[in-house]
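A structural walkthrough
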Amino acid sequence: MFSTYTYPKYGYRRPGELGSTRVRRVPLVVVGAGPVGLTAAIDGALRGLPVVLLDDDDTVSVGSRGLCYAKRALEIFDRLGCGEAIVAKGVTWNIGRTYHGEREVFAFNLQPERGHRRPGMVNLQQYWLEQYLVERALQLPGIELRWRHKVVGVAPGADGVTLEVQTPDGRYRLEADWLIAADGAHSPLRHLLGLQMQGKVFQDRFLIADVVMSRELFPLEHTERWFWFDPPFHSGQSVLLHREADNVWRIDMQLGWDADPEAEKQPARVVPRIRAMLDQQGYRHVEFELEWVSVYTFRCRRMKRLRHGRIFFVGDAAHQVSPFGARGANSGVQDADNLMWKLALVMQARAPERLLDSYDVERGEAADENILNSTRATDFMTPKSRAAKTFRRAALGLAAEHPFARALVNSGRLSVPTEHAASPLSTPDGDEFEGWMAPGAPADDAPWPDAPRHDAPGDDEPPQEWLLHKLAEDGAGFVLLLFRRRPSAPEAAAIDALAIDPIPVRTLLVDPSGTAARRYDAGPGTAYLLRPDQIVAARWRHLDLRRVRAALARATAQEGRA
Amino acid sequence: MTHLNTQPNFGIPGRHYRHAYTPGDDFYEMLIEGHRDLSDEQSELMNARLILLLANHVGDLGILREAIGVARAGVAAAPGAP
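Scoring rules and cut-offs
- Residues numbered from 1 in each chain as written.
- Chains lettered and ligands numbered in written order.
- Predicted model: local features only at pLDDT ≥ 70, side-chain atom pairs only at ≥ 80, totals over all residues.
- Helix = DSSP H or I, 4+ residues; strand = E, 2+ residues; numbered from the N terminus.
- Rg over C-alpha atoms; globule rule 2.2 N^0.38 Å.
- Contact = placed C-beta atoms within 7 Å.
- Nonpolar A, V, L, I, M, F, W, Y, C, P; charged D, E, K, R; others polar.
- Pairing = 2+ DSSP bridges.
- Axes fitted to C-alpha atoms, helices over the stretch in contact; angles between N-to-C directions.
- Core = buried A, V, L, I, M, F, W, Y, C linked by C-beta atoms within 7 Å.
- Buried ≥ 20, exposed ≤ 12 C-beta atoms within 10 Å, placed from the backbone.
- Parallel < 35°, antiparallel > 145°, perpendicular 65-115°, else oblique.
- Left-handed = near helix turned anticlockwise from the far one by under 90°.
- Right-handed = clockwise from strand over helix to strand, strands pointing away.
- Domains from an automatic or database assignment.
- Expected span 1.5 Å × (residues − 1).
- pLDDT = per-residue confidence, 0-100.

1. A word on the overall build of chain B
- Each helix and strand in chain B was counted, giving three helices and zero strands.
- In terms of overall dimensions, chain B is more spread out than a globule: its C-alpha atoms have a radius of gyration of 15 Å, far above the 12 Å expected for 82 residues.
- Counting only C-alpha atoms and orienting by the principal axes, one finds that chain B spans roughly 35 × 35 × 30 Å.

Written out as structure tokens, the structure reads:
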């Protein structure tokens, strides 16, 4: 097969622990250097935590696998200092089109509005993403990356975890105060601990092929996601097309439960399927070569609890979804984003341990939402009963002419961040607000310095800076957004006091007449308290130091002690 | 005179949805779930009962005539079953 990518080989080093009788104790171990484990390690290091990151392999993901990175994940990568590399290498898109037969029945735009730094989605092969994350991790002094270190035993204790680690040179023991399991869908740690997943397996098989094309099917700047129900070139099944970096194209073809996975992987089977698609779509002149082929089934399931004492499960190790919706890696990255600031505060003895329970509450809610949306898309794609098949046929038929039915056509609802409406860390609104920036929602981006013109049509000059980037400056702690050009004397006093609290709050003054003010439904004097993961903790029409401190106490699980 | 509404119209009155697809997906899941574990024949009967219930709720014969027309037009022209 063809190759557009050279796999890096990361050096294994014989660990000092081998041959020593003393067992080393470290504050934090992350198991699994995939997108989620690397995100956790980088975030931890940026928050001043020393991290030991163990991986059983010595390279990046084989095959493109996780491909679509959504706006929220990109914003997190920006905060970690590697968003630009990912976006520059990847393929930006916002438009998705769904066809039934040859007719377009539904289209969506992930970002119909201007004035955001990041687009709705960027496609990038998982190996590139992991490579950039490894490069970022290697820049940070706090991360000890250990390749070909496989965890083969785990013993949880009251105040830590003991790991048994296998290397090419032998086994050693390692004690950790805290452990993050980011070891993927087959999570050896989950198995070693005897923990179960709950959910369902879908009886369907999908072919996935990465294909290098001799010509572009469409120009890079017009990249879209194309999905077909029952196309003429693959009758009775569904097909998904994505563009990847390096003129690689991802084709997913539904095969049905009876397909033989080994036979379907053979180029003799795969090539004619892709040729038929290209020919029927008007690309007779395009030649192609296969780069990677796999046949997969999928599950929608999760662990009942994401925290087990000193052990946290993140990403696919904790929950799995079907690929239609890009809710796998994206939710895993958000798991790490949610967990690391809490863990840092607890490890630094600045917040009580019960703050960590909110990781399970919030990311459990996100897992449920992702599983719900993923299950619905999959149920639409793979109708099980005759009644379900008939309804789908009716919806697709009506969709050509009737808008209501278009909205029922479900080829995947793409990853958006969960809004934690009932988070124990949020302070419910006391004042009236419109819009979506309610406590528990992730902060929206806006141009910086802000001005009303930035999302006006016809303004093609991109802003120099962005609100979310300003939030992450000076470390990523709590930030108060105060919508004022110049604070009043009492506001200035509150700002100064918050800046030197035990958990300091940095204040950012935002133009009360700009794009951000509109997105946050803010007027002069409105204040938003944002968590270190950029989620709204509380908001008020007027700044009141006491109320900010109370909301901060709640957001760090210190209520009643503040 | 009121016409058959074919714009997206699902939702709980007074509730705002962050994502436009959510109420339609809620309905679709409810519908498919409602048929769970029924035989084909039972499903067919359930659909008929459902149509009668909803038709009575709509009541307006003009709208029902329009709906019957739209539904039938698509059946005559429907592409092969996926």
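Text resumes after the structure shown.
2. Section: the interface of chain A and chain B
- Across the boundary between the two partners, chain A contributes 24 residues, which contact 22 residues of chain B.
- Every element with two or more residues in the side of chain A that touches chain B is listed here: α9 (357-381), α10 (386-399) and α11 (403-406) of chain A.
- By residue number, the principal contributor to the side of chain A that touches chain B is α10(A), which donates seven residues.
- Here the side of chain A that touches chain B is built from residues that sort into 11 nonpolar, six polar and seven charged.

3. Some points on the sheet that holds strand β16 (residues 248-254) of chain A
All names here are of chain A.
- Taken in spatial order, the seven strands line up as β6-β5-β14-β15-β16-β13-β17 in an open sheet, and their pairing is mixed. Each edge of the sheet is formed by a strand with only one pairing partner; in this case those strands are β6 (103-109) and β17 (288-296). Pairwise comparison of adjacent strand axes, ignoring direction, gives a mean angle of 15° for this sheet.
- Across five bridges, strand β15 (residues 238-243) lies against β16 in antiparallel orientation. Considered in β16, the bridge of Arg243 is made with Trp249.

4. So, the nonpolar core
All names here are of chain A.
- Val29, Val30, Ala40, Ala41, Tyr69, Ala181 and Val314 are the most contacted members of the largest nonpolar core, which totals 125 residues.
- Considering each element in turn, this core owes the most residues, nine residues, to helix α8 (residues 329-347).
- Residues in contact with Ala181, not counting those within four places in the same chain, are Val31, Ser187, Leu189, Arg190, Ile311, Phe312, Phe313, Val314 and Ala317.
- Leu425, Ala472, Leu480 and Val548 belong to the second-largest nonpolar core, a separate cluster that totals 40 residues.

5. Quick notes on the packing of helix α2 (residues 71-80) of chain A against α8(A)
Residue and element names in this part refer to chain A.
- Put simply, α2 and α8 touch, their axes get as near as 9 Å, and they point 45° apart. By the angle between their directions, the pair α2 and α8 is classed as oblique. Of the two elements, α2 crosses α8, and the hand of that crossing is left-handed. Touching Arg72, Ala73 and Ile76 of α2 are Asn330, Val333, Gln334 and Asp337, all from α8.
- Considering only residue class, the contact of α2 with α8 consists of three nonpolar, two polar and two charged.

6. Side note on the environment of Glu75(A)
All names here are of chain A.
- Structurally, Glu75 can be placed in helix α2.
- Linking Glu75 and Arg327, residues 252 residues apart in sequence, is a C-alpha distance of 16 Å.
- Every residue in contact with Glu75, bar those within four places of it in the chain, is listed here: Arg118, Asp445 and Leu468.

7. Examining the environment of Ser374(A)
Residue and element names in this part refer to chain A.
- If you trace the backbone, Ser374 turns up in helix α9.
- Among the residues examined, Ser374 registers 28 C-beta atoms within 10 Å and is labelled buried.
- C-alpha separation for the pair Ser374 and Ser322, spaced 52 residues apart in sequence, amounts to 5.9 Å.

8. Here we look at the pairing of strand β2 (residues 51-55) of chain A
Residue and element names in this part refer to chain A.
- In terms of burial, β2 is a largely internal element, five of the five residues being buried.
- Once the chain exits strand β1 (residues 24-31) it traverses helix α1 (residues 35-46) before rejoining the sheet at β2, and the crossover so formed is right-handed.
- Direction of pairing for β2 relative to strand β8 (residues 143-147): parallel, over a ladder of five bridges. The residue of β8 that forms the bridge with Asp55 is Trp147.

9. Remarks on the domain arrangement of chain A
All names here are of chain A.
- One can read the domain layout of chain A as domain 1 (24-91 + 117-197 + 300-370) and domain 2 (447-555).
- Each side of the interface is counted separately: domain 1 has eight residues, and domain 2 has nine residues.
- Going through the elements one at a time, α2 and α8 are the ones with two or more residues in the side of domain 1 that touches domain 2.
- Looking at side-chain class alone, the side of domain 1 that touches domain 2 contains one nonpolar, one polar and six charged residues.

10. A few points about unusual backbone geometry
Residue and element names in this part refer to chain A.
- For Arg65, which is not glycine, the phi torsion reads 40° and is therefore positive.
- Of note, Arg65 is situated in the loop between β2 and β3 (68-70).
- Residue Ala326 is not a glycine yet carries a positive backbone phi of 55°.
- As for its placement among the helices and strands, Ala326 is situated in the loop between β21 (319-320) and α8.

11. A look at the pairing of strand β26 (residues 527-530) of chain A
All names here are of chain A.
- Where burial is concerned, the two faces of β26 agree: the one with Ala527 and Leu529 and the one with Tyr528 and Leu530 are both buried.
- One ladder, built from four bridges, connects strand β24 (residues 478-483) with β26; its direction is antiparallel. Paired with Leu481 across the bridge in β26 is Tyr528.
- Judged from the four bridges that link them, β26 and strand β27 (residues 536-540) form a sheet pairing that is antiparallel. Within β27, the residue paired with Leu530 across the bridge is Val536.
- Between β26 and the antiparallel strand that follows it, β27, lie five residues; Gln534 among them carries a positive phi value of about 65°.

12. A word on α10(A)
All names here are of chain A.
- Here α10 spans 20 Å end to end across 14 residues, near enough to the 20 Å set by a 1.5 Å rise per residue.
- Burial runs high along α10: 10 of the 14 residues are buried.
- For α10, every residue scored as buried is listed here: Ala387, Ala388, Phe391, Arg392, Arg393, Ala395, Leu396, Gly397, Leu398 and Ala399.

13. Digging into the confidence of the model for chain B
All names here are of chain B.
- For chain B, the average pLDDT comes to 92, and 91% of its residues sit at 70 or higher.
- Per-element mean pLDDT across chain B ranges from 93 in helix α3 (residues 61-76) up to 98 in helix α2 (residues 40-58).
- For this predicted complex, the interface score ipTM comes out at 0.93, alongside a pTM of 0.95.

14. Remarks on the sheet that holds strand β18 (residues 299-302) of chain A
Residues and elements named next belong to chain A.
- Spatially, three strands are ordered β12-β18-β21 in an open sheet, and the strand pairing comes out antiparallel. Strands at the two margins of the open sheet, each flanked by one partner only, are β12 (198-201) and β21.
- The pairing of β12 with β18 spans four bridges and is classified as antiparallel. Within β18, the residue paired with Gly199 across the bridge is Arg301.
- The strands touched by α9 within the sheet are β12, β18 and β21, with β18 carrying the most contacts at an inclination of about 165°.

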